[in-house]
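# Descriptive structure summary
Residue-level listing of the chains:
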Amino acid sequence: MDISADQMRVALLSLIAFVVSVSVHEFGHAFVADRLGDRIPRMQGRLTLSPLAHIDPIGTILMPLLGALAPGQFPLLAWGKPVQTNPNNYTRALSPRTGHLLVSIAGPIMNLLLALVVSVVFVALGKAGVLSPSLASAMIRYLLALNIALLFFNLIPVPPLDGGAILGVVLPESLQFINQFLRRYGMFVLFLTGTVRIFMRPATQLTEAWALALLRLVGVGAGAGA
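So, a few notes on the structure that sits alongside this text. (Residues numbered from 1 in each chain as written. Predicted model: local features only at pLDDT ≥ 70, side-chain atom pairs only at ≥ 80, totals over all residues. Heavy atoms only, no water.)

## Regarding a nonpolar patch on the surface
Here is the rule we go by: Within this analysis, patches are made of residues with over 30% relative accessible area and no salt bridge. Like charges are joined at 9 Å or less; nonpolar side chains (Val, Leu, Ile, Met, Phe, Trp, Tyr) at 5 Å or less. Areas reported as accessible are Shrake-Rupley estimates using a 1.4 Å probe. Residue values count occlusion only from the protein chains shown. Whenever Lys or Arg places a side-chain nitrogen within 4 Å of a carboxyl oxygen from Asp or Glu, that contact is recorded as a salt bridge. The way it works is that DSSP assigns letters per residue, a run of H or I at least four long becomes a helix, a run of E at least two long becomes a strand, and they are numbered from the N terminus. The buried label goes to any residue with under 20% of its type's maximum accessible area, the exposed label to any with over 50%, and the partly exposed label to all in between, with areas taken from a 1.4 Å probe on protein chains only.
A contiguous nonpolar surface patch, about 430 Å² in accessible area, is contributed by I105, I109, L112, L113, L116 and L155. Structurally, I105 can be placed in helix α4 (residues 96-127). The exposure class assigned to I105 is partly exposed, which follows from its relative accessible area of 31%.

Right under this line is the structure:
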């Protein structure tokens, strides 16, 4: 497989953005679990934004690199090191199910917050006159689009995604068999049938609208988001 310098640059930028985004995501889980009284993430060193605490060598490094260097030849699957929590340790002010719901949704919310932070920086640089089309394109492609994609992907109601955990919390006991089925076969159905594209279509549409609004706000050419 011949790899050009441009491919390597894109792969490294994609990898850096993914590592940062996954670290923020997993920190969100750890932070909320800790605030609810579960000290397991703190004891395991997960209450930090340092990527070293959250990366999985295969899921966070190898798979994203293969996906970026050889698109179409390797599945676009990537993940961070899951944060371990015990709902029984959460504050008694909340039920374990409610606490688990809050911890599960914290990761996607952190990706949304990071997308908002990127947007603020984007606008600040644009207003300061130092946002070149290439920098605008990089920020949109590697941080804004990625975090919106992670937000929507992780909310898909299929275990082991955060959306699967949320589904397990909101389903009544009489319907828990749905979550059990999805735990066994959900990911296969999601990717083998192409259903994942349906769930991710709103993410693409939101990214395009969001990026266009930012570009218009700072006066950078629309081609910067390509």
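## Side note on the packing of helix α1 (residues 5-35) against helix α5 (residues 133-154)
Threshold: Angles shown run from 0 to 180 degrees and are taken between the N-to-C directions of axes, each axis being a line fitted to C-alpha atoms and, for helices, limited to the stretch in contact. These descriptions rest on fixed angle ranges, namely under 35 degrees for roughly parallel, over 145 for roughly antiparallel, 65 to 115 for roughly perpendicular, and the rest for oblique. It is the rotation of the near helix from the far one that decides the hand of a crossing: anticlockwise by less than a right angle makes it left-handed, clockwise makes it right-handed. In what follows, a contact means two residues having at least one pair of non-hydrogen atoms within 4.5 Å. In this count, Pro and Cys sit with the nonpolar residues alongside Ala, Val, Leu, Ile, Met, Phe, Trp and Tyr, while Asp, Glu, Lys and Arg are called charged and the others, Gly among them, polar.
Between α1 and α5, whose axes approach to 10 Å, the crossing angle comes to 45°. In this view, α1 runs oblique relative to α5, as classed from their interaxial angle. Considering the relative orientation of α1 and α5, their crossing is right-handed. Residues V10, L13, S14, A17, F18, S21 and H25 of α1 form the contact with α5, whose participating residues are R141, Y142, L143, L146, N147, L150 and N154. By residue class, the composition of the contact of α1 with α5 is 8 nonpolar, 5 polar and 1 charged.

## Here we look at helix α8 (residues 195-218)
To be explicit about the condition: The span expected for a helix works out to 1.5 Å for each residue beyond the first. Two axes enter the definition of the bend at a residue: one is fitted to the seven residues ending there, the other to the seven starting there, and the bend is the angle between them.
In this model α8 runs 36 Å from its N-terminal to its C-terminal C-alpha over 24 residues, within 8% of the 34 Å that 1.5 Å per residue would give. Approximately 35° is the largest bend angle found in α8, and it occurs at R201, with the proline P202 only one to four residues beyond. Those residues of α8 that sit buried are V196, M200, A203, T207, W210, A211, L214, L215 and V218. Structurally, α8 contributes buried residues whose contacts are with α4, α5 and α7 (176-192).

## Overview of the environment of M110
Looking at the element boundaries, M110 is found in helix α4. Put simply, M110 and H29 are 81 residues apart on the chain and 8.9 Å apart in space, counted from C-alpha to C-alpha.

## Remarks on the packing of aromatic side chains
To keep things clear, this is the line we draw: Aromatic rings from Phe, Tyr and Trp, taking only the six-membered ring of Trp, are treated as a pair when their centres fall within 6.5 Å; an angle between ring planes under 30 degrees marks them as stacked, one over 60 as edge-to-face, and anything in between as tilted.
Applying the stated criterion across every chain yields a total of 3 aromatic pairs. Relative to F31, the ring of F27 lies with its centre 5.8 Å away and its plane at 35°, an arrangement referred to as tilted. Linking F27 with F31, this pair stays in helix α1, spanning 4 residues, or about one helical turn. For F27, a relative accessible area of 17% gives the class buried. Taken together, a centroid distance of 6.3 Å and an interplanar angle of 55° make the contact between F153 and F191 tilted.

## Topic: the nonpolar core
For the record, the criterion: Definition of nonpolar core: a set of buried residues of the types Ala, Val, Leu, Ile, Met, Phe, Trp, Tyr and Cys, connected through side-chain atoms within 4.5 Å.
Formed by 27 residues in total, the largest nonpolar core has its most connected members in F122, L144 and I156. For this core, the secondary-structure elements that each account for two or more residues are α1, α4, α5 and α8. No other element matches the 8 residues that α8 contributes to this core. Among residues more than four places away in sequence, those in contact with I156 are L161, G163, G164, L190, V196, F199 and M200.

## Points about unusual backbone geometry
In this model, P159 is joined to P160 through a cis peptide bond whose omega is 5°. Tracing the sequence through the fold places P160 in the loop between α5 and α6 (162-170).

## Points about the pattern of salt bridges
Tallying each qualifying case throughout the model produces 2 salt bridges. Measuring nitrogen to oxygen at the nearest pair gives 3.4 Å for the salt bridge that ties R39 to D34. A salt bridge links D34 to R42; the shortest N-O distance between them is 2.8 Å. The exposure class of R42 is partly exposed, given its relative accessible area of 46%.

## Here's the deal with α1
For an α-helix the count is 3.6 residues per turn, leaving residues at separations of three or four pointing the same way. Relative to the 45 Å expected for 31 residues at 1.5 Å per residue, α1 spans 45 Å between its end C-alpha atoms, a close match to the ideal helical length. Immediately downstream of α1, the backbone of G37 shows phi near 110°, a positive value.

## Here's the deal with the packing of α1 against α4
Across the interface, α1 lies against α4 with an axial gap of 7 Å and an inter-helix angle of 140°. Judged on the interaxial angle alone, α4 and α1 are oblique. You can see that α1 and α4 cross each other, and the crossing is right-handed. Residues V20, S21, V24, H25, F27, G28, H29, V32 and A33 of α1 touch α4, and the partners they reach there are L102, V103, S104, A106, G107, P108, M110, N111 and L114. A class-by-class count of the residues in the contact of α1 with α4 yields 11 nonpolar, 7 polar and no charged.

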